[in-house]
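Structural characterization, general
Read off the chains here:
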Amino acid sequence: MTGTIRFAVKADIADMSDIDSLVSTLPWSLAQFLTACEPAGAAERALVIETSTGTAGFVVYHAVLDEGSIYNIAVAPGQQRRGYAQQLLLAAMANMVELGVLRCLLEVRESNIAARNLYDSFGFHLDGVRSNYYRNGDQREDALLMSKLL
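This write-up is about the structure you can find in this document. (Residues numbered from 1 in each chain as written. Predicted model: local features only at pLDDT ≥ 70, side-chain atom pairs only at ≥ 80, totals over all residues. Heavy atoms only, no water.)

1. Remarks on the pattern of salt bridges
Once their charged atoms are close, side chains differing in charge can pair, the charge on each being opposite to the other. Stated precisely, the cut-off is as follows: Salt bridge, as applied in this entry: a Lys or Arg side-chain nitrogen positioned within 4 Å of an Asp or Glu carboxyl oxygen. Numbering goes from the N terminus for both helices and strands, where a helix is a DSSP run of H or I of at least four residues and a strand is a run of E of at least two. A 1.4 Å probe rolled over the protein chains alone gives each residue an accessible area, and that area as a share of the maximum for its type sets the label: buried under 20%, exposed over 50%, partly exposed in between.
All chains considered together, the criterion is met by six salt bridges. Note that E107 is salt-bridged to R130, the shortest N-O span being 2.5 Å. Taken together, the residues E107 in strand 5 (residues 103-109) and R130 in strand 6 (residues 125-136) connect sequence positions 23 residues apart. One salt bridge in this structure joins E141 and R109, with 3.1 Å as the shortest N-O distance. Residue E141 is located in strand 7 (residues 139-149), and its partner R109 is located in strand 5; the two are separated by 32 residues in the primary sequence. We note that E141, like R109, is buried.

2. What to know about the side chain of S17
Rules: By definition, residues are in contact when any of their heavy atoms lie within 4.5 Å.
By the secondary structure assignment, S17 is in helix 1 (residues 13-23). Look past the residues within four positions of S17 in its chain and what remains in contact with it is L30 and F33.

This is the structure in structure tokens:
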């Protein structure tokens, strides 16, 4: 399936926050989303994907000089497994290339197999591990550091 991708604006923050709270163990604050929805030209940016039923997901990324980072990518539970995360990732990387980014970085929870499979399918490779980086209730979880040359 395909959706319409566009830059996020302040009016999208509530939808982005709602989606994040449904899929993340530590959802972002409204202030974090606000920073990503500032006018185009800022280092931190966000894209949303819309379908006929509303906002299906988002990606937040950062681009400075020749390096970019994927900070957060999420798709609403009822909209998953439809290719929306792939479309968002492709759009974010394409925008990074337009901005002169040569390398894209990200980190992912070790247990997030779906995201790891997505990143593997796009050619991201493992660069390292941050041990016990994420909280998961009373437990800690490793962050996998990945990157891809664009």
